[in-house]
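Breakdown of the fold
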Amino acid sequence: ENFDIPSSLDLDKFYADVLRLQEGQDLAIKEYTFNRTDVVPKIIHIPAAPVVLLEGIYALHHEQLNAIVDLKVFIDADDHHRLQRRIQRDAVERGYDQDDVMYRLSRHHQPAFEEFILPHRSKADIVIPNNHHFEKGLEMLAHFLQWKAQERA
């Protein structure tokens, strides 16, 4: 299965969960364990809050969700950094065979990145480079979130 395409996720449920948080309802969702049958998923409790921070490579892909986001942030990295991080994660952290990792990179990840993720870069309000560090971009984002929280308190 190709996990590098938006249809591999339930973005409609993600949108519905965000609406529930905005309405002041808490969430209890099952942890995603990425096909790890040896891990028992935990239930994660997410309390409603005046500011909801969404994260995910397809968070900007869902049109209805995209329409209700106050600030769209795209965390960017040069191709070689992004690919090296992917290799590190899949080969080292997930234990995938190197040939499988390279196959997925060329057949799944890179084409999906170009088709489904990269187009959102130009639609973002802020692009934060993450090649070596991203502290300044994170600091700017933190100030925005604090301002939003005060505005809604």
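The preceding data block contains the structure.
Notes on the structure in this doc start here. Position labels on residues start from 1 in each chain and follow its written sequence. Local features in this predicted model are restricted to residues of pLDDT 70 or higher, and side-chain atom pairs are both shown and tallied only at a pLDDT of 80 or more, whereas totals for entire chains, interfaces and linings draw on every residue. Side-chain metrics rest on all non-hydrogen atoms present in the structure, leaving aside hydrogens and water.

1. What to know about the packing of aromatic side chains
Each aromatic pair joins two rings of Phe, Tyr and Trp (for Trp, the six-membered one) with centres within 6.5 Å, and gets the label stacked for planes under 30 degrees apart, edge-to-face for over 60, and tilted for any other angle. For the coordinates displayed, the defined rule picks out 1 aromatic pair. Residues phenylalanine 144 and tryptophan 147 carry aromatic rings whose centres are separated by 5.7 Å and whose planes lie at 50° to one another, so their mutual orientation is tilted. Separated by 3 residues within a single helix, phenylalanine 144 and tryptophan 147 lie in helix H5 (residues 135-152), roughly one turn from each other. Geometrically, a charge over a ring is one whose NZ (Lys) or CZ (Arg) sits within 6 Å of the ring centre while staying within 35 degrees of the ring normal. A cation sits over an aromatic face here: arginine 82 above phenylalanine 113, 3.6 Å from the ring centre. Comment: elements are numbered from the N terminus, with helices defined as DSSP H or I runs of at least four residues and strands as E runs of at least two.

2. A word on the environment of arginine 82
Structurally, arginine 82 can be placed in helix H3 (residues 79-93). For the pair arginine 82 and isoleucine 44, spaced 38 residues apart in sequence, the C-alpha separation works out to 28 Å. If we skip the residues at most four places from it in the chain, arginine 82 touches Ala77, His109, Gln110 and Phe113. Working rule for contacts: check all heavy atoms of both residues, and any pair within 4.5 Å makes them a contact.

3. Let's talk about the pattern of salt bridges
Where charged atoms of side chains with opposite charge meet at close range, the side chains can pair. The term salt bridge refers to a pairing of a side-chain nitrogen on Lys or Arg with a carboxyl oxygen on Asp or Glu at a separation within 4 Å. According to the stated counting rule, one finds 10 salt bridges in the structure shown. Between arginine 152 and aspartate 70 there is a salt bridge, with its nearest N and O atoms 2.3 Å apart. Taken as a pair, arginine 152 in helix H5 and aspartate 70 in the loop between helix H2 (63-68) and strand S3 (73-76) lie far apart in primary sequence, 82 residues in all. Here the term buried applies to any residue with accessible area under 20% of the maximum for its type, exposed to any over 50%, and partly exposed to those in between, with areas from a 1.4 Å probe on protein chains only. We classify aspartate 70 as partly exposed; its relative accessible area is 44%. Between aspartate 90 and arginine 86 there is a salt bridge whose closest N-O contact spans 3.2 Å. Of this pair, aspartate 90 and arginine 86 are both found in helix H3, 4 residues apart, which corresponds to roughly one turn of the helix. The exposure class assigned to arginine 86 is buried, which follows from its relative accessible area of 14%. Linked through salt bridges whose partners overlap, the residues forming this network are Asp4, Arg86, Arg89 and Asp90.

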